[in-house]
Amino acid sequence: ASAQFQLAVPIAVVFAPGSVPGDLPRPLPFRDVQEMEISVNLRTTVTSRYETVYRSTTAQEEAALEAATAGEADAALHPLQDALLGSLTMYVVPETSSLLPQGISVYVGKHRSALVRAEGGLAALRIRLQELAQVMSFTASSITAALSDRVPDGQLGPDARRHLKSSLGYEITFSLLNPDPKSHAVEWDIEDAVNRYVQPVLDKLSLVANFSVDSQILYYAVLGVTPRFDKESSSFLLSAHSLPHVINPVEARLGSSAASLYPVLNFLLYVPERSHSPLYIQDKDGAPVSTNAFHSPRWGGIMVYNVEAPASPQASLPLRVDVDMVRVMEVFLAQLRLLFGLSREELPPKFLLESPGNEGLTDWELDRLLWAHTVENIATVSTTLTSLAQLLDKIGNIVIKDDVASEVYRAVAAAQNAMAELAAGHLHLAFQASKEAVTSSERAFFDPSLLHLLYFPDDQKFAIYIPLFLPMAVPILLSLAKIVREARQRKKEPTKMD
Amino acid sequence: SHIVLMLADDMACNPRNPKPATVFSHKNMELNVYGDDVEVDYRSYEVTVENFLRVLTGRIPPSTPRSKRLLSDDRSNILIYMTGHGGNGFLKFQDSEEITNVELADAFEQMWQKRRYNELLFIIDTCQGASMYERFYSPNIMALASSQVGEDSLSHQPDLGIGVHLMDRYTFYVLEFLEEIHPASQTNMNDLFQVCPKSLCVSTPGHRTDLFQRDPQNVLITDFFGSVRKVEITTETISLDRGLGGFESKLPKDELATEPLKYAEQLPVAQIIHQKPKQKDWHPPGGFILGLWALIIMVFFKTYGIKHMKHIF
């Protein structure tokens, strides 16, 4: 199905006093629109429009920019913006300003604004702004990854389809694996950790999907891979190429909620047996991994938690182990971010990103997710409805129930609405509309009544009906022929007799 | 990985099975294929063509639990293995239904439209099995069959103790081949195509790879069997502020000292054991006994006559 996406990003570029470049085309304030096209395949194109407003600072903003550090300035500027989802504000500060540390040209804050150092003229500034807009909203690769099933094979790398697919909800399960309960009595205060550290992140992500969290403890659950003993470090090592075999043996025991159909993200904390402690994960170069954890795209993550050997060898077993939940959650939440595709790599040079703190992700990272998910949702709706239409063309006698029909109409209306909102730059409304469209289209496509079972090949039809009707038809046809012959004779006779 | 198993399941616990709850692959009883970790999701009357197509296409009633669904996405490799009685273009389900190769091909196309699989491996062990994969037209499908059109697939040896043939030849040799594969194995699909040549199988196994995009030489067996996952080392962490707390959700735990609970006496056994036997009172015989005796006496006198009474008494 062909789709032309128009993604509009409203940007405001605010010049602090002393930072206005000399070569502005028009006096402030003025508007500007830049368009860029990303062509995904022959029939799908994505046009991004950066609708930029250039203006100078207000008095309040100037006061906020007087702060000592960039972080404080960002916090002071936040209440002054009416930042809608998807919009960006970039403050240009003078080249000599001390807000940005040495060597850093761009500082990206926790919300939807950034501070840019005015270096060079307008052209250099425009390039910086372009890079910044791409970091904070979407890049060609993030949009193509969202539209991955439309990209011709071979163009996408093999790892491009590894982020979680857009879904209405996700289930997160935290599991503690204790293979050696005789030696380690492991206690983890997971409820407190979830309330303190995980819930703020999930609250931030609640716009994207519904999350449900559960936890469990599994005893005598082993990894399925035997670690090697390394004499030099007197520890056990799990090499990188044995990690792919770890997940399957343990997965059967993990379980999941029978009722929900949402994708499950499993986070496992493994406390190695006393005889295999300490256990370290090696990366490809043989160095131990600092986090001692690994993750699998679209599945979840596993972290190995080593227990220190007791001071005296006579210590009574089982040893009580109180898990340091902060250390564990730092890794698990980082893995959660990676599973969603929010990584902080591949930044342009001289960029500094503010850390999101306990919220887990910044506002502009949430926007990135929303852009990708909205585009993915609309593309999915389009593909689903097209294939439903093709199915109906092919199999003429499927009956479409009224509620399936109304779901289809709803899906089409919502998808059109979403496209319109995207073109207008209203990311929040576009995302809601796209979610509604996907729900309706999935309900219509996967309706149980659409299963068409009976397949009558033509040769079977002949084989059944001909032996039945041919013998009956022979006398009928012969008598019809006789009637016709007699009628013709009767017509001829009167003329003959005359 | 997730397994959806559909079995008529009338063999392992069949009353005529002298080795109950087991299904061995050979009479030497080495490999029990119906072991502890086998979970049957659809059994006996639930195994119908309709349910099978519903599982594949996802058009399942909303009340179906997770374990009975195929929750796959565009990165899932799916293995479908079917066996039973079949013919040219069909496979029998439960002695009453058939699934045709056209229906199967359409179901796979529906799966492809919704990107419910990345690659699909289809193995079928029936008579004339190759006819089942002739009609596939969706990309990324590789198919293997135990016999060509016009040939029968034969079963392996019988177990005379049980009285039936235990396994089909093709399945037996494929199982033997797969038991040798471990998760790190580099064996590829071309080796699987060579399993069970005509000398062992009597029928000619066939395969179809034209719809598959990768070269079978480069496809590892473990891509479909053995579930080797893509993993990445986690190199990032986020920094959490230890002090920030959530709401105070911990309720104060008051432990009240309570009396130890006693289990109430359910049955006064002591009283029953030491009970004296109840004295039965005498009752005169009831109507039935009286009637029965009256009948016996009447018959006696009818037979022998009244006058013989004095000779008897």
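Predicted model, so just to flag it, every value in this text is computed and none were measured.

**Considering the packing of aromatic side chains**
- All chains considered together, the criterion is met by 20 aromatic pairs over all chains.
- Ring geometry for A:Phe174 versus A:Phe267: centroids 5.6 Å apart, planes at 25 degrees, classification stacked. Remark: A:Phe267 occurs in strand β12 (residues 264-270) and A:Phe174 occurs in strand β7 (residues 169-178); sequence separation between them is 93 residues.
- Judged by relative accessible area, which is 2%, A:Phe174 ranks as buried.
- Taken together through their ring pairs, the aromatic side chains of A:Phe15, A:Phe30 and A:Tyr54 make up a single cluster.
- We note B:Arg59 situated over the ring of A:Phe445; from NZ or CZ to the ring centre the distance is 4.6 Å.

**What about the domain arrangement of chain A?**
Residues and elements named next belong to chain A.
- Looking at chain A, the domain boundaries give domain 1 (169-340), domain 2 (365-451) and domain 3 (456-497).
- Between domain 1 and domain 2, the C-alpha centre-to-centre distance is 37 Å.
- Contacts between the two partners involve 7 residues from domain 1 and, on the opposite side, 8 residues from domain 2.
- Taking both partners together, domain 1 and domain 2 bury about 700 Å²; carbon and sulfur atoms supply 68% of that area.
- Remark: the boundary between domain 1 and domain 2 carries 1 salt bridge.
- Salt-bridge contacts for glutamate 365 lead to arginine 337; the nearest nitrogen and oxygen are separated by 2.9 Å.
- At the surface where domain 1 touches domain 2, the tally comes to 1 residue pair in polar contact (both at pLDDT 80 or more).
- Per-class residue counts for the side of domain 1 that touches domain 2 are 5 nonpolar, no polar and 2 charged.

**Structural notes on the UniProt feature "transmembrane region" (unreviewed entry) in chain A**
- Under the UniProt annotation, the feature "transmembrane region" (unreviewed entry) is placed at residues 462-484 of chain A.
- Taken end to end, residues 462-484 of chain A is 100% helix and 0% strand, and its two terminal C-alpha atoms sit 29 Å from one another.

**Some remarks on the UniProt feature "active site" (unreviewed entry) in chain B**
Residue and element names in this part refer to chain B.
- Here, the residues flagged by UniProt with the feature "active site" (unreviewed entry) are His85 and Cys127. These annotated residues cover 43 residues of sequence, but their C-alpha atoms sit close together, with the largest distance between any two at 6.5 Å.
- Note that histidine 85 resides in the loop between β3 (77-83) and β4 (86-87).
- Residue classification places histidine 85 among the exposed residues on the basis of a relative accessible area of 56%.
- If sequence neighbours within four positions are ignored, histidine 85 has contacts with Leu91, Lys92 and Thr126.
- Its location among the elements puts cysteine 127 in the loop between β7 (119-125) and β8 (141-145).
- Among the residues examined, cysteine 127 registers a relative accessible area of 18% and is labelled buried.

**Some remarks on a nonpolar patch on the surface**
- Residues B:Phe288, B:Ile289, B:Leu292, B:Trp293, B:Ile296 and B:Ile297 make up a contiguous nonpolar surface patch of about 630 Å² in total accessible area.
- Examined against the element boundaries, B:Phe288 turns out to sit in helix α7 (residues 287-304).

**A short note on the interface of chain A and chain B**
- Each side of the interface is counted separately: chain A has 72 residues, and chain B has 56 residues.
- Roughly 5400 Å² is buried in total at the junction of chain A and chain B, and carbon and sulfur atoms are behind 52% of that figure.
- A per-residue breakdown of the area chain A buries against chain B is headed by A:Phe446, A:Leu451 and A:Tyr455, which together make up 11% of the total.
- In this structure, the connection of chain A to chain B is made through 7 salt bridges.
- Measuring nitrogen to oxygen at the nearest pair gives 3.7 Å for the salt bridge that ties A:Lys165 to B:Asp74.
- Viewed at the interface, chain B and chain A are joined by 20 residue pairs in polar contact (both at pLDDT 80 or more).
- Examining the composition of the side of chain A that touches chain B, we find that 9 residues originate from one element, helix α7 (residues 325-340) of chain A, more than from any other.

**Overview of the sheet that holds β8(B)**
All names here are of chain B.
- The 4 strands are arranged β3-β7-β8-β11 in an open sheet whose pairing can be described as mixed. The two strands at the open ends of the sheet, each matched to only one other strand, are β3 and β11 (206-208). The sheet shows a mean angle of 10 degrees between the axes of neighbouring strands, taken without regard to direction.
- Note that β7 and β8 share 5 bridges and pair parallel. For isoleucine 124, the partnering residue across the bridge sits in β8 and is alanine 145.
- Taken strand by strand, helix α2 (residues 101-113) contacts β3, β7 and β8, and its axis lies near 160 degrees from that of β7.

**Here we look at the pairing of strand β4 (residues 88-93) of chain A**
Residue and element names in this part refer to chain A.
- Of all the 6 residues making up β4, 6 are buried; the element is thus mostly covered by neighbouring parts of the structure.
- Of the two faces of β4, both are covered, the one formed by Leu88, Met90 and Val92 as well as the one formed by Thr89, Tyr91 and Val93.
- Two strands pair when backbone bridges link them, and β4 and strand β6 (residues 113-117) are joined in this way by 5 bridges, in the parallel orientation. Within β6, the residue paired with methionine 90 across the bridge is alanine 114.

**Overview of unusual backbone geometry**
- The omega angle of the peptide bond from A:Ser277 to A:Pro278 is -15 degrees, so this bond is cis rather than trans.
- In this model, A:Tyr220 sits at a positive phi of 55 degrees, which is unusual for a non-glycine residue.
- Among the structural elements, A:Tyr220 can be located in the loop between β9 (210-219) and β10 (228-230).
- The residue B:Gln94 is not glycine, and still its phi comes out positive at about 60 degrees.
- Relative to the assigned elements, B:Gln94 resides in the loop between β5 (90-93) and β6 (97-100).

Rules of the game
- Going along each chain's sequence as written, the residues are numbered from 1 onward.
- Naming scheme: in the order in which they are written, chains are lettered from A and ligands are numbered from 1.
- Confidence filtering applies because this is a predicted model: local features only for residues at pLDDT of at least 70, side-chain atom pairs given and counted only at 80 or more, and all residues used for totals across whole chains, interfaces and linings.
- Only hydrogens and water are set aside; all other atoms, that is, all heavy atoms of the structure, feed into the side-chain values.
- Only rings of Phe, Tyr and Trp enter the pairing, Trp through its six-membered ring, and a pair is recorded when the two centres are within 6.5 Å. The plane angle decides the type: under 30 degrees is stacked, over 60 is edge-to-face, the rest tilted.
- To qualify as a helix, a DSSP run of H or I must reach at least 4 residues; to qualify as a strand, a run of E must reach at least 2; elements of each kind are numbered from the N terminus.
- Buried, partly exposed and exposed residues are distinguished by accessible area as a fraction of the type maximum, computed with a 1.4 Å probe on protein chains only: under 20%, between the cut-offs, and over 50%, respectively.
- In our convention, an over-ring charge means Lys NZ or Arg CZ found within 6 Å of a ring centre and within 35 degrees of that ring's normal.
- For every domain, the bounds stem from an assignment made automatically or drawn from a database.
- In what follows, a contact means two residues having at least one pair of non-hydrogen atoms within 4.5 Å.
- Joining two parts hides part of their accessible area as seen by a 1.4 Å probe, and the buried area is that hidden amount summed over both.
- Here, a salt bridge means any side-chain nitrogen of Lys or Arg that lies within 4 Å of a carboxyl oxygen of Asp or Glu.
- Residues adjacent in sequence count toward polar contacts only when both atoms are side-chain atoms; beyond that, a polar contact is any pair of N or O atoms within 3.5 Å, and within protein one must be able to donate a hydrogen and the other to accept it.
- All residues other than Ala, Val, Leu, Ile, Met, Phe, Trp, Tyr, Cys, Pro, Asp, Glu, Lys and Arg, Gly among them, are scored as polar; the first ten of these are nonpolar and the last four charged.
- UniProt positions are given in the numbering used here, feature names are shortened, and annotations may be inferred rather than shown by experiment.
- What makes a patch is a set of residues exposed beyond 30% relative accessible area and free of salt bridges, joined within 9 Å when like-charged and within 5 Å when nonpolar (Val, Leu, Ile, Met, Phe, Trp, Tyr).
- In short, Shrake-Rupley with a 1.4 Å probe defines the accessible areas, and a residue's cover is counted only from the protein chains shown.
- Think of it this way: DSSP has to see at least two bridges between two strands before they count as a pair.
- Axis lines are fitted to C-alpha atoms, over the contacting stretch for helices. Their N-to-C directions set the angle, which ranges from 0 to 180 degrees.

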